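Listed below, chain by chain, are the residues.
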Amino acid sequence: MRGKVPRMTTGKKPKTSYRCKNCEHQSPRWAGKCPSCNEWDTLEECITRVATKTSNAAAVFAESIAEQGSMHEAASLLEIKAPAIARISTGIEEFNRVLGGGLVVGSVVLLGGDPGIGKSTLMMQVAMQVAQRGERVLYATSEESAYQCKMRAERLCGGFEQSKETYSGLKILADTDLANIQRLVESNEPSLLIVDSIQMVHRGDLDASPGSVKQIRRCCLELVYLAREYNMAVIVVGHVTKDGQLAGPRVLEHMVDVLLSFEGDRHHGLRSVRGVKNRFGTTLEIGLFEMTQSGLKEVGDAAAFLDPDMPPRAGAVACPAMHGSRCFVVEIQALVAQGTYGQAKRRATGVDGSRLTMLAAVLEQHASIQLIDQDIYAGSVGGLRLVEPAIDLALCMAVIGAHLGHPLPAGWCAIGEIGLGGEVRGVPHIEQRVAQAKRRGYTTILVPITQIDKLGQEAVPVASIADLTGLLEKNNDNNEGEKMLSDDKKMEDSLPC
Ligand code: TYD
Ligand code: MG
């Protein structure tokens, strides 16, 4: 059931007023003469307790929790009933996936990301899709004018003005005052409120500038109460600081129900939305998008991270990596270059930098590869962030390949975790990974020796990273041999009889 929840008056704060002894007239300020009966010196101070907006909202929030059982009595675990969770589909499958199936009514989602990454674009797309489904949407923009929003909407969906009825439920409010946003929510009762961005919204009664921790914290808390009070979904947009933290040092994270991170390189088209915290679903899923001329397009095809026409190169190894329930075959690249002895650099983009440093040490120790004076640069192609240790084997092969100058043969990929002893350890979802690699046309899949039983003939077991150097050198010798044979054949064919 949607709509405003009736107010309670439990939360109160004291307020001073003045009452006339003669006529009972009440005045907010003291005066020598009563403005009603004109008697002198009759006003007396009295303290009244008045409910405030915030405390009302807090009370409503408490009431919604209390609906599931008394706040003061403990309930048996078996007797507690799960409340029905109503969700609003955003109409964007990749975004729904990260949310755990859509926006939960009465919840607050915080979307954080670098400036210019595409947050407002995604929010406008979500607003238009939800409005298309006949829901009321209020888009409160505190950074742009209403006209700028309209121009963006036109870019995303050219000629939308022809279908007036479709978007009639979408209202744009260009205001930075939270009180105005609250007022419009009261009059419109939208299903979805988008606040873009929280850093620019402020409350006039707070003695702090917009964007300060005090303002951000208070405004976000008010929005949480508002979401509960009006039973609507709220999405709050937040910028991140240079070091990647949400501005207002993590103050908002505990208040919201879902925290999403919008990531990607501004110079690459690929963008990903990742769940950092989700009270209504998993945080393992990611939503993939590509920024195009007409907004964000969903990337459902897992081959987006591979260029099938690229010939095998030294230092490039494909790896079937898991993201939530999906598997993507991603290319991992490494470059090994001469550095300074004892001060060699380890730089990573898209893969874990500290893991790269550790793997370089393991390679030195257990694969007898000297890297102490070599700079290592490693990354994932396409800008996808790979955090799971299951990519270790592919990363090590990329480093060895780059160091020796040996490419992996065409149609090869690798998956496995590397232990500190140099052993190749098992990884979760191995069958799914191998199946996905096969689907993408890989004919030789290097896998941990402990998991070989479950897999088909394409799987080749690897026990330790000590085996990798031999494997690369052997295949390279074969390739060289084959290449020489085919060159000789070409020469013979071209000779005159
Ligand atoms: P924007 O959504 O405003 O980023 P944020 O709100 O995170 O600051 O837009 C980011 C960039 O995307 C902007 O530089 C222009 C570009 N863009 C496109 O390439 N195509 C589009 O259709 C739109 C709307 C924006
Ligand atoms: Mg923006």
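Residues numbered from 1 in each chain as written. Chains lettered and ligands numbered in written order. Predicted model: local features only at pLDDT ≥ 70, side-chain atom pairs only at ≥ 80, totals over all residues. Heavy atoms only, no water.

So, the site of ligand 1: which residues are in play, and what are the values?
Taken together, 15 residues lie near ligand 1, and Gly 116, Ser 120, Thr 121, Thr 292 and Gly 295 sit nearest. In this structure, Gly 118 approaches ligand 1 through a main-chain N or O atom, which is 3.0 Å from an oxygen atom. Here an oxygen atom of ligand 1 sits 2.9 Å away from a polar atom, N or O, in the side chain of Arg 152. A total of 560 Å² of accessible area belongs to ligand 1 in isolation, and the protein chains cover 75% of it. Within the residue set of the shell around ligand 1, elements represented by two or more residues are helix H3 (119-132), helix H4 (146-156) and strand E13 (286-292). In terms of residues, the shell around ligand 1 owes the most to one element, H3, which gives three residues. Split into classes, the residues belonging to the shell around ligand 1 amount to three nonpolar, eight polar and four charged. (Near = heavy atom within 4 Å. Polar contact = N/O pair within 3.5 Å; in protein donor to acceptor, adjacent residues only side chain to side chain. Areas by Shrake-Rupley, 256 points an atom, 1.4 Å probe, with all protein chains shown as cover. Helix = DSSP H or I, 4+ residues; strand = E, 2+ residues; numbered from the N terminus. Nonpolar A, V, L, I, M, F, W, Y, C, P; charged D, E, K, R; others polar.)

Report on the pairing of strand E18 (residues 374-380), specifying residues and quantitative values.
Among the seven residues of E18, six are classified as buried, and the element is accordingly described as predominantly covered. Strand direction decides the pairing type here: strand E16 (residues 326-338) and E18, joined by seven bridges, are antiparallel. Directly across from Val 336, in E18, lies its bridge partner Ile 376. Sheet topology places strand E17 (residues 346-349) next to E18; four bridges connect them, and they run parallel. Paired with Ala 348 across the bridge in E18 is Ala 378. Running through helix H7 (residues 353-366), the crossover from E17 to the neighbouring parallel element E18 is left-handed. (Buried < 20%, exposed > 50% of the residue type's maximum accessible area, 1.4 Å probe, protein only. Pairing = 2+ DSSP bridges. Right-handed = clockwise from strand over helix to strand, strands pointing away.)

Please give an account of empty space enclosed by the protein that cites residues and values.
Enumeration according to the criterion identifies four cavities of 30 Å³ or more in this entry. Taken together, Val 351, Asp 352, Arg 355, Leu 386, Val 387, Glu 388, Pro 389, Ile 391, Asp 392 and Leu 395 make up the full set of residues lining the largest cavity. Partitioning the lining of the largest cavity into residue classes produces six nonpolar, no polar and four charged. (1 Å grid on protein atoms, 1.4 Å probe; cavity = no way out; pocket = protein on both sides within 12 Å on 5 of 7 lines; lining within 4 Å. Points joined across faces, edges and corners; volume = space filled by probe spheres on them.)

So what's going on with helix H5 (residues 178-188)? Residues and values would help.
Every buried residue belonging to H5 is among Leu 178, Ile 181, Gln 182, Leu 184 and Val 185, and all of these are buried. Relative to the axis of H5, the buried residues are bounded by an arc of 165 degrees and lie together on one face. The opening residue of H5 is Asp 177, an N-cap whose side-chain oxygen sits 3.0 Å from the backbone nitrogen of Ala 179. The positive-phi residue at the C-terminal boundary of H5 is Glu 189, with phi of around 45 degrees. (Arc of directions from axis to C-beta.)

Tell me about the sheet that holds strand E14 (residues 295-298), residues and numbers included.
Taken in spatial order, the nine strands of this open sheet run E8-E7-E9-E10-E6-E11-E12-E13-E14, and their pairing is mixed. At either margin of the open sheet sits one strand with a lone partner, and together these are strand E8 (170-174) and E14. When strand polarity is set aside, the average angle formed by the axes of neighbouring strands in this sheet is 25 degrees. With four bridges connecting them, E13 and E14 associate as antiparallel partners. Within the sheet, the bridge partner assigned to Phe 289 lies in E14 and is Glu 298. (Axes fitted to C-alpha atoms, helices over the stretch in contact; angles between N-to-C directions.)

Give a description of unusual backbone geometry that names residues and reports values.
Here the bond from Asp 196 into Ser 197 is cis, since omega is 0 degrees, no more than 30 degrees from zero. Along the chain, Ser 197 turns up in the loop between strand E9 (192-196) and helix H6 (213-229). In this structure, Asn 231 takes a positive phi of about 55 degrees despite not being glycine. When you line up the elements, Asn 231 lands in the loop between H6 and strand E10 (233-239). Asn 231 sits in the partly exposed class, given a relative accessible area of 21%. With a phi angle near 50 degrees, Ser 368 is a residue other than glycine that sits in the positive phi range. You can see Ser 368 is positioned in the loop between H7 and E18.

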